[in-house]
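# Results of the structural survey
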Amino acid sequence: MRYYGDIYRPPSEAYSLIIQVTYGCTHNKCSFCTMFKAKKFKVRDEKEVIEDLDMARRYYASVDRIFLADGDALCLSNRRLLPILDHIKRTFPECERVTVYGRATDALKKTDEELRELRDHGVTMVYLGAESGSDKILKQINKGETVEELIAGVHKLEDAGIKTSVTFINGIAGLEDWQEHAIETGKMISKMNASYVSLLTLMLDPRAPIMEDINSGKLTLLTPEQVLGETYLMLKHAHPTKECIFRSNHASNYVSLRGNLPVDNERMMDMLKRAMENTGLIKDERFRML
């Protein structure tokens, strides 16, 4: 397989075959993110994608999962995606799932029929970065999407039979707005009813635009204990009506949490409370990573 630039994938796609169908991210303006800053967005030539899939077939006896990179492959029209998905189905009949990164606005641009078509041709899940449930915070981090759009995009995908895995970032609002971030994110989780929700904790890349706010004193970083308090408050307000698989066990997180919302909220909140009372349970900074 041929790869251009740095390659990023969700943690749960660690053992997936990764095929680039686009380069970079259509938005690429989020203040906390440097993943695709070195790339200009480009749609990869379909012929090259097919060649890479054929190359992978020669190398691997079995491929159970395929992740289509880069930043938001869902932006591609069905006219571009369907031939790739059909080739995957023919070339890897054993493949159980095909997943992509996407933006909520990508989903909203597609018709219900187009999304069902993607599902029928093999797309099983879309990973979305919501980051925060607060419009104020979304504007501050230059997310380029609103709370209403994020919720509507998730609903549209889930209604089409495509699962969603939505990520939020602890600490992204700083000390100044941590309560709004926590409460509104909990409310968004309740309204979204996504299949999966995961939490990352803010880690700083010196190249990220958000560093300007931190260095100027506009944004005050949370302590590890404050991050746990923020997570506690978020869980207190997160009560989806459909059971949601929840994970906060990324390498960036200070305390590892696994459970289902809303049935395991109290148990996970108790774990956070114990860690705030006994800071020895908090992961040392040396062992945190992106």
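Above this text is the structure in question.
First things first, this report covers the structure right here in the doc. These numbers were taken from a predicted model, which means no experiment stands behind them.

### Notes on the layout of surface pockets
- Its volume calculated, the largest pocket comes out at about 1,400 Å³.
- Lining the largest pocket are 50 residues, and of these Pro11, Met35, Tyr101, Thr167 and Leu200 lie nearest its centre.
- When contributions to the lining of the largest pocket are tallied by element, the ones reaching two or more residues are strand S5 (97–101), strand S6 (123–131), strand S7 (163–170), strand S8 (196–201) and strand S9 (244–248).
- Counted by class, the lining of the largest pocket contains 25 nonpolar, 13 polar and twelve charged residues.
- Within this model, the second largest pocket holds a volume of roughly 170 Å³.
- Residue lining of the second largest pocket: Asn170, Gly171, Thr201, Leu202, Met203, Leu204, Leu221, Leu222, Val227, Tyr254, Glu285 and Arg288, and that is the complete set.

### Considering the packing of aromatic side chains
- Enumeration over the complete set of coordinates arrives at five aromatic pairs.
- Centre to centre, the rings of phenylalanine 67 and tyrosine 101 are 5.1 Å apart; their planes meet at 90°, and the pair counts as edge-to-face. With phenylalanine 67 in strand S4 (residues 65–69) and tyrosine 101 in strand S5, this residue pair connects regions lying 34 residues apart in the sequence. In this pair, the class of phenylalanine 67 matches that of tyrosine 101, namely buried.
- Chaining the aromatic ring pairs together yields one cluster made of Phe67, Tyr101 and Tyr127.
- A cation over an aromatic ring shows up here: arginine 288 above the ring of tyrosine 254, its NZ or CZ 4.2 Å from the ring centre.

### Things to note about the packing of helix H1 (residues 46–59) against helix H2 (residues 78–91)
- Interaxial distance between H1 and H2 falls to 10 Å at its minimum, and their mutual angle equals 15°. One finds that H1 runs roughly parallel with respect to H2. Considering how the two elements wind past one another, H1 and H2 form a crossing that is right-handed. Where H1 abuts H2, its residues Glu46, Val49, Ile50, Leu53, Asp54 and Arg57 lie against Pro83, Ile84, His87, Ile88 and Thr91.
- Its residues assigned to classes, the contact of H1 with H2 shows six nonpolar, two polar and three charged.

### A closer look at the sheet that holds S8
- Read from one edge to the other, the open sheet built from eight strands follows the order S1-S4-S5-S6-S7-S8-S9-S10, with strand pairing classed as mixed. Taken across any chain shown, the strands that pair with only one partner, and hence form the sheet edges, are strand S1 (17–20) and strand S10 (257–261). Mean inter-strand twist for the sheet, computed between neighbouring axes without regard to direction, equals 20°.
- Bridge analysis of S9 against S10 gives five bridges, and the strand direction is antiparallel. Looking at the pairing, cysteine 244 lines up with leucine 261 of S10.
- Contacts between H1 and the sheet are confined to S1 and S4, with S1 contributing the most and set at about 160° to the helix.

### Side note on helix H7 (residues 178–192)
- In this model, H7 (15 residues) spans 21 Å end to end at C-alpha, consistent with the 21 Å of a helix rising 1.5 Å per residue.
- The complete set of buried residues in H7 reads His181, Ala182, Thr185, Gly186, Met188, Ile189, Ser190 and Met192.
- After H7 finishes, the residue asparagine 193 shows a positive phi value of roughly 55°.

### A look at the pattern of salt bridges
- Counting across every chain of the model gives 17 salt bridges.
- Across the pair arginine 97 and glutamate 13 runs a salt bridge, and its minimum N-O distance is 2.5 Å. Remark: glutamate 13 occurs in the segment before S1 and arginine 97 occurs in strand S5; sequence separation between them is 84 residues.
- Of the residues examined, arginine 97 reaches a relative accessible area of 18% and is grouped as buried.
- For arginine 267, the salt bridge is made with aspartate 264, and the minimal N-O distance between the two is 3.7 Å.
- Overlapping salt bridges, with partners in common, bring together Arg2, Arg44, Glu48, Glu51 and Asp52 in one network.

The rules behind the values
Residues numbered from 1 in each chain as written. Predicted model: local features only at pLDDT ≥ 70, side-chain atom pairs only at ≥ 80, totals over all residues. Heavy atoms only, no water. 1 Å grid on protein atoms, 1.4 Å probe; cavity = no way out; pocket = protein on both sides within 12 Å on 5 of 7 lines; lining within 4 Å. Points joined across faces, edges and corners; volume = space filled by probe spheres on them. Helix = DSSP H or I, 4+ residues; strand = E, 2+ residues; numbered from the N terminus. Nonpolar A, V, L, I, M, F, W, Y, C, P; charged D, E, K, R; others polar. Phe/Tyr/Trp six-rings, centres within 6.5 Å; stacked < 30°, edge-to-face > 60°. Buried < 20%, exposed > 50% of the residue type's maximum accessible area, 1.4 Å probe, protein only. Lys NZ or Arg CZ within 6 Å of the ring centre and 35° of its normal. Axes fitted to C-alpha atoms, helices over the stretch in contact; angles between N-to-C directions. Parallel < 35°, antiparallel > 145°, perpendicular 65-115°, else oblique. Left-handed = near helix turned anticlockwise from the far one by under 90°. Contact = heavy atoms within 4.5 Å. Pairing = 2+ DSSP bridges. Expected span 1.5 Å × (residues − 1). Salt bridge = Lys/Arg side-chain N within 4 Å of Asp/Glu carboxyl O.

What is shown is where atoms sit, not what they do.
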